[in-house]
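Each chain, written out:
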Amino acid sequence: MSSDTLAKASSAPGIPEYADSLRIVPRRRLGQWAAAVTVLVLLGLAVNSVLRNDAFQWDVVVDYFTTDAVLRGLWLTLWLTAVVMTLGFVLGALLAAARLSANPVLRSVSWGYVWLFRSIPILVQLLLWFNIGALYPHILGVRTVDLLGPVTVAVIGLTLHEAAYAAEVVRGGILSVDRGQIEAAQALGLSRWRRWWRIVLPQAMRSIVPPAGNMLIGTLKGTSIVSVIAVQDLLYSVQLVYHRTYQVIPLLMVATVWYTVVTSVLGVGQHHLEKHYARGSERTR
């Protein structure tokens, strides 16, 4: 309450004259302060234990952090993430369009695809694709072993897996747009393409970007699973090193720090995208 308001209130009938001399004291939040101090102390102890623990061998981490083997693995991880997310969202958008179609066959096929690929663990999918030669020794007259190398298998398996989730993200974003706006655009005579490009997509992106950002970060970290099929990503590269040097913990910390750095950069990009598409809305970021 401001001083002017308090002064007016004190002049009202039934209000004591000494009310204008009262001092407003903010509410004490002792519980919140105690919780904050406790969390900071525990956090400081955790950071101190990590930095001062000789078992982490931080000097070894620094030595291997920018080695050629690690950077090549990092580059393959980033490349694989970009390719999988691009292809996954293209295929996912097609599946979402089919799911929203009036054609019952397209709706059923899209639903079946999403159901199937969300039901099978990604590791099982990768192993099945890696051993596809046992089912189809030849494809288009070419031996499957020669046609599908480890990197190709990783792209196919991860893309088909991500597309199932991307389809639901895109479908949810489209359904979040008020149907009345689409009908109003139709009444104004806008073409179907302009309705989707100028009205539906910008508003749908407000709902698509947050889960898509989570999918991107999840895909970046999930690419580490391709090490089981001998794809030399970031994790596989550090594994090759520590199998030779037996310095397991510091090499795993190299991969951990690189994953943390890249996901942090992606998180900043996601924040700015959300801020861009939230313009004109009352959404609180």
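Residues numbered from 1 in each chain as written. Predicted model: local features only at pLDDT ≥ 70, side-chain atom pairs only at ≥ 80, totals over all residues. Heavy atoms only, no water.

Engineer: Honestly, the side chain of Arg171 in this entry has me stumped. Any pointers?
Structural biologist: Considering the arrangement of structural elements, one finds Arg171 in helix H8 (residues 150–175). Polar side-chain contacts of Arg171 include one of 2.9 Å to the side chain of Glu168. (Helix = DSSP H or I, 4+ residues; strand = E, 2+ residues; numbered from the N terminus. Polar contact = N/O pair within 3.5 Å; in protein donor to acceptor, adjacent residues only side chain to side chain.)

Engineer: I'm lost on the UniProt feature "transmembrane region" (unreviewed entry) in the protein chain in this one. Help?
Structural biologist: Residues annotated in UniProt with the feature "transmembrane region" (unreviewed entry) correspond here to residues 33–51, 74–98, 110–130 and 248–269. The straight-line gap between the two end C-alpha atoms of residues 74–98 is 36 Å; of that span, 100% is helix and 0% is strand. Along residues 110–130 the backbone is 90% helical and 0% strand, and the end-to-end C-alpha distance reaches 25 Å. (UniProt positions renumbered as here; feature names shortened; annotations may be inferred.)

Engineer: What is the right way to look at helix H6 (residues 122–130) in this model?
Structural biologist: One full turn of an α-helix is made of 3.6 residues, so residues set three or four places apart face in the same direction. Considered for burial, the residues of H6 that qualify are Ile122, Gln125 and Leu126. In a view along the axis of H6, the buried residues occupy a sector of 95 degrees, so they form one face of it. On its buried face, H6 sits against helix H5 (104–119) and H8. (Buried < 20%, exposed > 50% of the residue type's maximum accessible area, 1.4 Å probe, protein only. Arc of directions from axis to C-beta. Contact = heavy atoms within 4.5 Å.)

Engineer: What is the right way to read the side chain of Thr223 from this model?
Structural biologist: Along the polypeptide, Thr223 turns up in the loop between helix H10 (192–222) and helix H11 (234–245). You can call Thr223 buried: its relative accessible area is 0%.

Engineer: What am I meant to see in the environment of Ala164 here?
Structural biologist: Residue position: Ala164 is located in helix H8. Between the alpha carbons of Ala164 and Trp115 there is a distance of 7.9 Å; along the sequence they are 49 residues apart. If near-sequence neighbours (up to four positions away) are discounted, Ala164 is found in contact with Tyr113, Val114, Phe117 and Arg118.

Engineer: What should I look at first to understand unusual backbone geometry in this one?
Structural biologist: Most peptide bonds take the trans configuration, and most residues that are not glycine carry a negative phi. Phi at Gln57 takes a positive value of approximately 50 degrees, unusual for a residue other than glycine. On the secondary structure map, Gln57 appears in the loop between helix H2 (30–51) and helix H3 (58–64). On the accessibility criterion, Gln57 (30% relative accessible area) is partly exposed. Residue Ala230 is not a glycine yet carries a positive backbone phi of 65 degrees. Its location among the elements puts Ala230 in the loop between H10 and H11.

Engineer: Looking at this model, I keep getting lost on the nonpolar core. Mind explaining?
Structural biologist: Soluble globular proteins: nonpolar side chains tend toward being buried together. Grouped together as the largest cluster of nonpolar side chains are 19 residues, with contacts concentrated most on Val70, Leu234, Val238, Leu251, Val254, Trp258 and Tyr259. The dominant element in this core, judged by the number of residues it contributes, is helix H12 (residues 248–277), at seven residues. One finds Ala166, Ile182, Met205 and Val209 within the second-largest nonpolar core, a separate group that totals 16 residues. (Core = buried A, V, L, I, M, F, W, Y, C linked by side-chain atoms within 4.5 Å.)

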